[in-house]
Amino acid sequence: MASPAPDKQQFDTPPSVLIVDDSVVARAVMARAIDGAGDFLVAGAVPNADAAQDFLARHRVDVIILDIEMPGVDGLTALPDLIAAGQGARVLIVSSACGDGAATTVQALALGAADTLVKPEVGAFAGRFADLLNHKIARLVENDEIVVPRTPVAVFAPGDDFDIVAIGASTGGIHALSLLLRSLPADFRLPILITQHLPDSFMPYFAAQVAVLANRPCEVAEDHARIRPGRILIAPGNAHLRCVSIGETTAVRLSTTPAPSGCLPSVDPMLDSIAATYGDRALGVVLSGMGRDGAIGAASLAAAGGCVVVQDRASSVIWGMPGAVAAGGLADAILPPDEIGQLIARRRRPASAPSC
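Keep in mind it's a predicted model, so treat the numbers as computed, not measured.

Colleague: Can you walk me through the overall build of the protein chain in this structure?
Modeller: When you go through the protein chain residue by residue, the secondary structure sums to 12 helices and 16 strands. By residue count, 53% of the 356 residues in the protein chain fall in the buried class. Of the accessible surface of the protein chain, which amounts to about 14,700 Å², a share of 52% is contributed by carbon and sulfur atoms.

See the structure below:
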């Protein structure tokens, strides 16, 4: 029986991993790949969700590797309970069901998985797959060193609202976005723009998922599409989404000009464009994600008098993107996703104030 994994920050031990897969071969190969890299500790390897629940009741781990297609309770069904049992452990879905453009991938991310990886055929487990597996784990356990000079709290200024909402996100962002959108009332009419780091092949299903979550029309943006009340437009996976003024209306322009973050699509051009087009009538939101994408655009929005709100550290899978905005002193409020949704629903600008 594996011993409990000690807290990595307190005892400086390698991050620990639990493998949940019904295949004996897959469990053995993934364990060997992880152990071989020497950066992480395989704390346990179990064949199903029930065994994982039992393990997590007795041990703490940093990452849970979860298969989707298992007998009994499948991975998607088990995912919310395993996230709760993991007490902060990040869940990496490793499954053959997570291929290019697969609906399963977006479903898993919306349910709270931190990331996904396609599981190859048994004979192709070595080499590139082992490298990708360890790379994905490393991303999920990275410790950010972001120092925030102050923590704003939401103090609302009555009568000071906005005309558009633009949301940027990456790793962990789809689940955060689902919580935010569920907090919006059915009669919320402001247009919403979303830039989520995802490959282009996933975008049609992602848009359909967002439409269900938000209970309003949602489309993958096309060049020159009009920005209309009550609708959501999502950046395609192969272009930045920008908005421009056309007479008395606004529309989308797509661009592939390299962004400072190196991301395509990037959150920065979207936020920069709403700053230029809407000025102090714009609200920008930055959710969970790795890196600094969104920080430059947030600076433009803040300079234009717009409002910037970011996801809090505790609820983020990776606090890179929101943390970078907060560290720059650009965030008017730092909140969990559901409270960001409530703030948006009130259409009231938060005024920054030091925490007590």
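Colleague: I'm lost on the sheet that holds strand β4 (residues 90-95) in this one. Help?
Modeller: Working definition: the strands of a sheet are paired by backbone hydrogen bonds and lie parallel or antiparallel to each other. One open sheet holds the 5 strands; their spatial order is β2-β1-β3-β4-β5, and the pairing between them is parallel. For this open sheet the edge positions go to β2 (41-46) and β5 (115-118), each flanked by a neighbour on one side alone. Put simply, the sheet's adjacent strands are angled 20° from each other on average, direction ignored. Across 4 bridges, β4 lies against β5 in parallel orientation. Its bridge partner lying in β5, Leu 92 is registered against Asp 115. In this fold helix α4 (residues 75-86) packs onto β3 (63-66) and β4, with an angle of close to 170° to the strand it touches most, β3.

Colleague: Please clarify how helix α8 (residues 203-214) should be interpreted in this entry.
Modeller: Each full turn of the α-helix corresponds to 3.6 residues, which orients residues three or four apart in the same direction. In this model α8 runs 16 Å from its N-terminal to its C-terminal C-alpha over 12 residues, within 8% of the 16 Å that 1.5 Å per residue would give. Taken together, the buried positions of α8 are Met 203, Phe 206, Ala 207, Gln 209, Val 210, Leu 213 and Ala 214. The buried residues of α8 occupy an angular sector of 160° when projected down its axis, which confines them to one face. In α8, the exposed positions angled more than 90 degrees off the buried face are occupied by Pro 204 and Val 212. The inward-facing, buried residues of α8 abut α5 (103-111), α7 (173-182), β8 (192-196), β9 (218-220) and β10 (232-234).

Colleague: Just checking my understanding: could you explain the sheet that holds strand β15 (residues 333-335) for this structure?
Modeller: Reading across the sheet, the 7 strands line up as β9-β10-β8-β7-β13-β14-β15 and stay open at both edges, with parallel pairing between neighbours. Of all the strands in the sheet, the pair left with one neighbour each is β9 and β15. Each strand of the sheet is rotated relative to its neighbour by a mean of 20°, with strand direction disregarded. The sheet contact formed by strand β7 (residues 164-169) and strand β13 (residues 282-286) spans 5 bridges and is parallel. In the sheet register, Ala 166 faces β13, and the bridge partner there is Gly 284. Where α8 meets the sheet, its contacts fall on β8, β9 and β10, and the angle it forms with β9 comes to roughly 165°.

Colleague: Looking at this model, I keep getting lost on the nonpolar core. Mind explaining?
Modeller: If you look at soluble globular proteins, the nonpolar side chains tend to sit buried side by side. The biggest cluster of nonpolar side chains holds 38 residues, and the ones touching the most others in it are Val 165, Phe 206 and Ile 344. Considering every element that reaches this core, the biggest residue donor is α8, with 6 residues. The contacts of Phe 206, once residues within four sequence positions are left out, are Val 106, Ile 174, Leu 177, Ile 194, Gln 196, Leu 198 and Ile 234. Membership of the second largest hydrophobic core comes to 31 residues, among which are Ile 164, Ala 295, Ala 298 and Val 325.

Colleague: Honestly, the pattern of salt bridges in this entry has me stumped. Any pointers?
Modeller: Proximity of charged atoms lets side chains of opposite charge pair with each other. Tallying each qualifying case throughout the model produces 9 salt bridges. Notably, a salt bridge pairs Asp 223 with Arg 253, separated by 2.9 Å at the nearest N-O pair. Taken together, the positions of Asp 223 in the loop between β9 and β10 and Arg 253 in strand β12 (residues 249-255) put the pair 30 residues apart, joining distant regions of the chain. When its relative accessible area of 33% is taken as the criterion, Asp 223 is described as partly exposed. Its relative accessible area of 34% is what places Arg 253 among the partly exposed residues. Each of the salt bridges in this network shares a partner with another, and the network as a whole consists of Asp 21, Asp 67 and Lys 119.

Colleague: Just checking my understanding: could you explain the environment of Gly 173 for this structure?
Modeller: Positionally, Gly 173 belongs in helix α7. Along the primary structure Gly 173 and Met 290 are separated by 117 residues, whereas in three dimensions their C-alpha atoms are 10.0 Å apart. With residues near it in sequence (within four places) discarded, Gly 173 still touches Gln 196, Leu 287 and Ser 288.

Colleague: I tried to follow the confidence of the model for the protein chain on my own but got confused; where do I start?
Modeller: In the predicted model, the protein chain carries a mean pLDDT of 88, and the fraction of residues at 70 or more is 87%. Taken as a whole, residues 1-11 scores under 50 in pLDDT and shows 20 contacts with residues more than four places along the chain or in a different chain.

Colleague: Help me understand the environment of Ala 235, please; the structure alone is not making it clear to me.
Modeller: Along the chain, the position of Ala 235 falls in the loop between β10 and β11 (240-246). When near neighbours in sequence (up to four residues on either side) are disregarded, Ala 235 contacts Ile 194, Thr 195, Met 203, Leu 241 and Pro 265.

Colleague: Would you mind showing me how to read the pairing of β2 here?
Modeller: Side-chain direction in a regular strand flips from residue to residue, so the side chains alternate between the two faces of the sheet. Note that strand β1 (residues 16-20) and β2 share 5 bridges and pair parallel. Bridge pairing in β2 links Ser 16 to Leu 41. Once the chain exits β1 it traverses helix α2 (residues 24-37) before rejoining the sheet at β2, and the crossover so formed is right-handed.

Colleague: Quick question: what am I supposed to make of unusual backbone geometry here?
Modeller: Across the chain, the bulk of peptide bonds are trans and the bulk of non-glycine residues have phi less than zero. A cis geometry characterises the amide bond from Leu 264 onward to Pro 265, with omega recorded as 5°. Considering the arrangement of structural elements, one finds Pro 265 in the loop between β12 and α9 (267-278).

Colleague: Where do I start with the packing of α9 against helix α10 (residues 295-303) in this structure?
Modeller: What describes two packed helices is the angle between their axes and the distance between those same axes. Contact geometry of α9 with α10 gives a least axis separation of 7 Å together with a crossing angle of 10°. As judged from the angle between their axes, α9 and α10 are roughly parallel. Taken together, the residues of α10 that come into contact with α9 (itself represented by Asp 268, Leu 271, Asp 272, Ile 274 and Ala 275) are Ala 295, Ile 296, Gly 297, Ala 298, Ser 300 and Leu 301. Here the residues of the contact of α9 with α10 sort into 7 nonpolar, 2 polar and 2 charged.

Cut-offs and rules
- Residues numbered from 1 in each chain as written.
- Predicted model: local features only at pLDDT ≥ 70, side-chain atom pairs only at ≥ 80, totals over all residues.
- Heavy atoms only, no water.
- Helix = DSSP H or I, 4+ residues; strand = E, 2+ residues; numbered from the N terminus.
- Buried < 20%, exposed > 50% of the residue type's maximum accessible area, 1.4 Å probe, protein only.
- Areas by Shrake-Rupley, 256 points an atom, 1.4 Å probe, with all protein chains shown as cover.
- Pairing = 2+ DSSP bridges.
- Axes fitted to C-alpha atoms, helices over the stretch in contact; angles between N-to-C directions.
- Contact = heavy atoms within 4.5 Å.
- Expected span 1.5 Å × (residues − 1).
- Arc of directions from axis to C-beta.
- Core = buried A, V, L, I, M, F, W, Y, C linked by side-chain atoms within 4.5 Å.
- Salt bridge = Lys/Arg side-chain N within 4 Å of Asp/Glu carboxyl O.
- pLDDT = per-residue confidence, 0-100.
- Right-handed = clockwise from strand over helix to strand, strands pointing away.
- Parallel < 35°, antiparallel > 145°, perpendicular 65-115°, else oblique.
- Nonpolar A, V, L, I, M, F, W, Y, C, P; charged D, E, K, R; others polar.

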